[in-house]
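Inside the fold
Here's the letter readout for the chains.
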Amino acid sequence: MITRRISAIALAAVCAAVPLTTFSASAAQAGTSSTAAAFGPVKCVPIGDNELCARGITGSPGGYNVAYYKNAGSTITARFRLMCINGFTKDDNGAFSISPGQVRSFVFAVGNQGSCRVRMQDITNGGYYYSPYVVP
């Protein structure tokens with residue numbers, strides 16, 4: 001768990017610096033700014049042998065980063081949706097496929113929407129999974 005959290009911290013730092021298409025099959029949304037970004041704590045939830053993690057990102061425009069670590073099981077097709085307590089929702093840019101040994105990440109560059117979590121929809125198996133709530 002500690003190794004994955006350190007990896008998630010490193011992943012989020014990289015995600016803020018480069019477009020996420022290098023990490024995801026779907027196009028990603030990342031803000032560009034000269035303002036340095038700061039990251040909140042990574043919060044993860046296990047999904048069997050896999051893990052769904054989220055964290056807040058401050059700066060301009062700021063937002064939320066999600067990463068899904070697929071360690072075991074079969075290949076699935078999935079989607080991310082940001083869901084905030086204030087009622088704000090935003091979907092990723094489309095469904096993606098993920099296989100064991102892969103990580104998919106997405107940055108919701110939507111500014112500070114307060115306390116939010118990410119729902120991952122497993123389209124293949126029909127399930128929904130939720131990250132813990134995070135704030136920028």
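In the block above lies the structure referred to throughout.
In this text the structure is predicted, and so the values were computed from the model without any measurement.

Right, let's talk about the nonpolar core for a bit. Among the nonpolar cores identified, the biggest contains 20 residues, and Tyr68, Phe80, Leu82, Phe108 and Met120 are the most heavily contacted of them. Those elements that provide at least two residues to this core are β3 (50-58), β4 (63-70), β5 (76-84), β7 (96-98), β8 (102-108) and β9 (116-122). It is β5 that contributes the most residues to this core, five residues altogether. Residues Val42, Cys53, Ala67 and Tyr69 belong to the second largest nonpolar core, which totals five residues.

Tallying each qualifying case throughout the model produces two salt bridges. As a salt-bridge pair, Asp92 and Arg79 come within 2.8 Å of each other at their nearest N and O atoms. Separated by 13 residues along the polypeptide, Asp92 in the loop between β6 (89-91) and β7 and Arg79 in strand β5 bring together distant segments of the chain. Note that Arg81 and Asp91 form a salt bridge whose closest N and O atoms lie 2.5 Å from each other. Separated by 10 residues along the polypeptide, Arg81 in strand β5 and Asp91 in strand β6 bring together distant segments of the chain.

Our focus in this paragraph is the state of the cysteines. Under the counting rule described, the total for this entry stands at two disulfides. Paired by a disulfide, Cys44 and Cys53 hold their sulfur atoms 2.1 Å apart. Measuring handedness by torsion sign, the sulfur bridge of Cys44 and Cys53 sits at about 110 degrees and is right-handed. Across a sulfur-sulfur distance of 2.0 Å, Cys84 and Cys116 are joined as a disulfide pair. Its torsion about the S-S bond being 100 degrees, the disulfide of Cys84 and Cys116 is classed as right-handed. Of this pair, Cys84 sits in strand β5 while Cys116 sits in strand β9, and the two are 32 residues apart along the sequence. With its disulfide-bonded cysteines labelled consecutively along the sequence, the chain is connected as 1-2, 3-4.

The rules behind the values
Residues numbered from 1 in each chain as written. Predicted model: local features only at pLDDT ≥ 70, side-chain atom pairs only at ≥ 80, totals over all residues. Heavy atoms only, no water. Core = buried A, V, L, I, M, F, W, Y, C linked by side-chain atoms within 4.5 Å. Buried < 20%, exposed > 50% of the residue type's maximum accessible area, 1.4 Å probe, protein only. Helix = DSSP H or I, 4+ residues; strand = E, 2+ residues; numbered from the N terminus. Salt bridge = Lys/Arg side-chain N within 4 Å of Asp/Glu carboxyl O. Disulfide = S-S within 2.5 Å.

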